[in-house]
Amino acid sequence: MDVERTLSIIKPDATARNITGKINTFFEEAGLRIVAQKRLHLTRQQAEVFYAVHAERSFFNELCDYMISGPVVVQVLEGEEAIAKNRQVMGATNPANGEEGTIRKELGVNVQENSVHGSDSLDNAAKEIAFFFAESEIVG
Ligand code: CMP
């Protein structure tokens, strides 16, 4: 199995409720290592560029408003099959549809305020990691 890196974002609904440590425990118990992490407040431009793939969706403006409504924690997670593993740990986009034991099912509020983001492919993981981190900030 390949060791991969994926980008994770702990979103404003989670930082507001002070549950970033609880979310990190889900990652670590699944065998994902947090090899980079920083807390920041996204600018509107950063949110719009990061989510540009959703620019045509009806929820795009609302999504950007939400992502800049409070601090986020951006992270690089490393481990075997990290991209798929993280998506499994996160659960379905809509917490209402998630499997028991997943982050979004246990902690998410609704389809928008779903507590975490994770890269969906190797290519996107590389792009999303480079969006937030210099290689020197990632310590495996
Ligand atoms: P994420 O995995 O970060 O990718 C895009 C985000 O858009 C998603 O999590 C949700 O926060 C949000 N999102 C997806 N679908 C909807 C929707 N139907 N309504 C509002 N927000 C959504």
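The structure this text deals with has already been given above.
Calculation rules
- Residues numbered from 1 in each chain as written.
- Predicted model: local features only at pLDDT ≥ 70, side-chain atom pairs only at ≥ 80, totals over all residues.
- Heavy atoms only, no water.
- Near = heavy atom within 4 Å.
- Polar contact = N/O pair within 3.5 Å; in protein donor to acceptor, adjacent residues only side chain to side chain.
- Nonpolar A, V, L, I, M, F, W, Y, C, P; charged D, E, K, R; others polar.
- Buried < 20%, exposed > 50% of the residue type's maximum accessible area, 1.4 Å probe, protein only.
- Helix = DSSP H or I, 4+ residues; strand = E, 2+ residues; numbered from the N terminus.
- Arc of directions from axis to C-beta.
- Contact = heavy atoms within 4.5 Å.
- Core = buried A, V, L, I, M, F, W, Y, C linked by side-chain atoms within 4.5 Å.

> Give me the lowdown on the site of the ligand, citing residues and values where you can.
As a structural note, the neighbourhood of the ligand is formed by K11, Y51, H54, F59, L63, T93, R104, V111, Q112, N114 and H117. Between N114 and the ligand, the recorded distance is 3.3 Å, taken from a side-chain N or O atom to an oxygen atom. Between H117 and the ligand, the recorded distance is 2.9 Å, taken from a side-chain N or O atom to an oxygen atom. Taken together, the residues of the shell around the ligand sort by class into four nonpolar, five polar and two charged.

> Talk me through helix 5 (residues 82-90); I want residue IDs and the actual numbers.
Taken as a whole, helix 5 has its buried residues at A82, I83, N86, V89 and M90. One side of helix 5 carries all its buried residues, which in axial view fall inside an arc of 130°. Structurally, helix 5 contributes buried residues whose contacts are with strand 1 (3-10), helix 2 (20-29), strand 3 (72-80), helix 6 (103-107), strand 4 (116-118) and helix 7 (122-132). One or two residues past the end of helix 5 sits G91, with phi positive at roughly 85°.

> How would you explain the environment of S115 if you had to name every residue and give the values?
Here S115 lies in the loop between helix 6 and strand 4. Given a relative accessible area of 0%, S115 falls into the buried group. Separated by 104 residues in the primary sequence, S115 and K11 have C-alpha atoms spaced 5.0 Å apart. Among the polar contacts made by the side chain of S115, one reaches the side chain of D13 at a distance of 2.8 Å. Polar contacts involving the side chain of S115 include one to the side chain of R17, which spans 3.4 Å.

> Please give an account of unusual backbone geometry that cites residues and values.
You will see that E81, though not glycine, has its phi angle at about 50°, which is positive. The residue E81 is located in the loop between strand 3 and helix 5 in this model. In this model, S115 sits at a positive phi of 75°, which is unusual for a non-glycine residue.

> Kindly report on the nonpolar core, identifying the contributing residues and their values.
Within the largest apolar cluster, 20 residues are counted, with the highest numbers of intra-cluster contacts made by L7, I9, M67, V76, F132, F133 and I138. Of all the secondary-structure elements, those providing two or more residues to this core are strand 1, strand 2 (33-40), helix 3 (44-50), helix 4 (60-67), strand 3 and helix 7. With five residues, the single largest contributor to this core is helix 4. Excluding residues within four positions of it along the chain, F133 makes contact with L7, A36, Q37, K38, V74, Q75, V76 and I138. Counting residues in hydrophobic clusters, the runner-up holds 14 residues, among them I23, F27, V73 and V89.

> Explain the side chain of N114 to me, using residue names and the numbers behind them.
Tracing the backbone shows N114 in the loop between helix 6 and strand 4. Classification of N114 as buried rests on a relative accessible area of 2%. A polar side-chain atom of N114 sits 2.7 Å from a polar atom in the side chain of K11.

> Lay out helix 7 with the relevant residues and their values.
Residues spaced three or four apart along an α-helix face the same direction, because each turn holds 3.6 residues. Those residues of helix 7 that fall on the buried side of the exposure criterion are A125, E128, I129 and F132. Across the axial projection of helix 7, the buried residues extend over an arc of 100°, all falling on one side. Turned more than 90 degrees away from the buried face of helix 7 sit D123, K127 and A130, all of them exposed.

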